[in-house]
Amino acid sequence: MKNKNEIITLKIKGLSIDFVVVDFISTVYHDKTNETVTTYLCYGQNRLIIVTETNGIAAHTKTICYYAVIPEADEILENHINN
């Protein structure tokens, strides 16, 4: 499980894009498939997205807002890039 302000890197259309975890949404365990699905609200490239992590593999599932500004998250991403 990821923590708030942790970085998640996703491959979208062949590009690796970093996102900051803004908030944890839920975790669900599916007995039949033996999968744990964790959902997060994330921010990156001035967008808010829902990221679903299934058994440790993260994927972009839905864009919530196509233009957002979160200065604290931008700073975390900038520090991540510069380190």
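Computed from a prediction, not measured in an experiment: that's the story for all the values here.

Here is what the cut-offs are and how they apply
- Residues numbered from 1 in each chain as written.
- Predicted model: local features only at pLDDT ≥ 70, side-chain atom pairs only at ≥ 80, totals over all residues.
- Heavy atoms only, no water.
- Pairing = 2+ DSSP bridges.
- Helix = DSSP H or I, 4+ residues; strand = E, 2+ residues; numbered from the N terminus.
- Axes fitted to C-alpha atoms, helices over the stretch in contact; angles between N-to-C directions.
- Contact = heavy atoms within 4.5 Å.

> Can you break down the sheet that holds strand 4 (residues 47–54) residue by residue, with the values?
With respect to topology, five strands assemble into an open sheet ordered 1-2-3-4-5, the strand pairing being antiparallel. Each end of this open sheet is capped by a strand with a single partner; those strands are strand 1 (7–12) and strand 5 (57–65). Taken pair by pair, the neighbouring strands of this sheet meet at an average axis angle of 40°, ignoring direction. When strand 4 meets strand 5, the two strands line up antiparallel, connected through seven bridges. Across the sheet, residue I50 finds its bridge partner in strand 5, namely K62. Across the face of the sheet, helix 1 (residues 71–82) comes into contact with strand 1, strand 2 (15–30) and strand 3 (35–44) while running at roughly 120° to strand 2.

Shape descriptors only; they carry no functional weight alone.
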